[in-house]
Amino acid sequence: MVLKTFQNMSPRELNSDAFYKKWSFVASIGNILFLILVINTGLIFYLLAFNLLSFAAYLSQAKKKMHGYPFVIGYANWITLLRLTLIFTAAATLTWANDYITFIILTIAVALDGVDGFVARNYKQQTQFGARLDMETDAFFVLLLSTYHVQEGNVPFWIIWPGVMRYIYGVFTHFAGSGEEITSRKFRAKVAVILFIV
């Protein structure tokens, strides 16, 4: 199959700020509240269930934002979705599967980080929708790993901070009216890799 190259989305299609700001605020509030619940109950299922619904809500906008792209959302975003699926799968295996299985799944997820961006640039499929999906996947990965390690007693409690700061900042920016990211993508990737190795 020959991969097609697409031009960047039009300004109208890229302008998803209104939806994203509302979604980001709800996702931030939800992750903070469910993180507190997980810390008190030890059941990470609540955090997984909320984020599954949260990402589903975000992806429900794909058809409205990704007009004319192959497979609805383009090649790059499918790679991001594969990475997100692997993260959810690894999280689901934490309590019952062999550690090596979880390790292999997470290794693939980490290896795919950056591939989606390369594909998006190479086939001219860079979009706000995809960039934000990638960013939120990174943030969720860091939150999940930091929460798990704190629960297992592998690391000090303050390690939860890298995982939750994205969501605290999401609440802050909602009221402050700022849309700037608190950390760079490279920083989030480094934190995720460190927590993965621990």
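None of the values given here were measured: they were computed from a predicted structure. (Residues numbered from 1 in each chain as written. Predicted model: local features only at pLDDT ≥ 70, side-chain atom pairs only at ≥ 80, totals over all residues. Heavy atoms only, no water.)

A. Representation of the nonpolar core. Core analysis: the biggest nonpolar cluster contains 44 residues, and L48, F140 and L144 have the highest contact counts within it. Elements supplying a minimum of two residues to this core: α2 (17-41), α3 (45-59), α5 (75-93), α6 (99-112), α7 (115-122), α8 (128-152) and α9 (160-176). Every residue in contact with F140, bar those within four places of it in the chain, is listed here: L48, N51, F55, L84, I87, F88 and Y167. (Core = buried A, V, L, I, M, F, W, Y, C linked by side-chain atoms within 4.5 Å. Buried < 20%, exposed > 50% of the residue type's maximum accessible area, 1.4 Å probe, protein only. Helix = DSSP H or I, 4+ residues; strand = E, 2+ residues; numbered from the N terminus. Contact = heavy atoms within 4.5 Å.)

B. Geometry of the confidence of the model for the protein. This prediction gives the protein a mean pLDDT of 81; 76% of its residues lie at or above 70. Predicted confidence is poor over residues 1-10, with pLDDT under 50, and the contacts of this stretch with residues over four places away or in other chains come to 27 contacts. (pLDDT = per-residue confidence, 0-100.)

C. Broad picture of the pattern of salt bridges. Applying the stated criterion to the full structure yields five salt bridges. We note a salt bridge from D116 to R83, for which the minimum N-O separation is 3.6 Å. With a gap of 33 residues between them, D116 in helix α7 and R83 in helix α5 connect regions that are remote in the sequence. One exposure class covers both D116 and R83, and it is buried. We note a salt bridge from D138 to R83, for which the minimum N-O separation is 2.9 Å. (Salt bridge = Lys/Arg side-chain N within 4 Å of Asp/Glu carboxyl O.)

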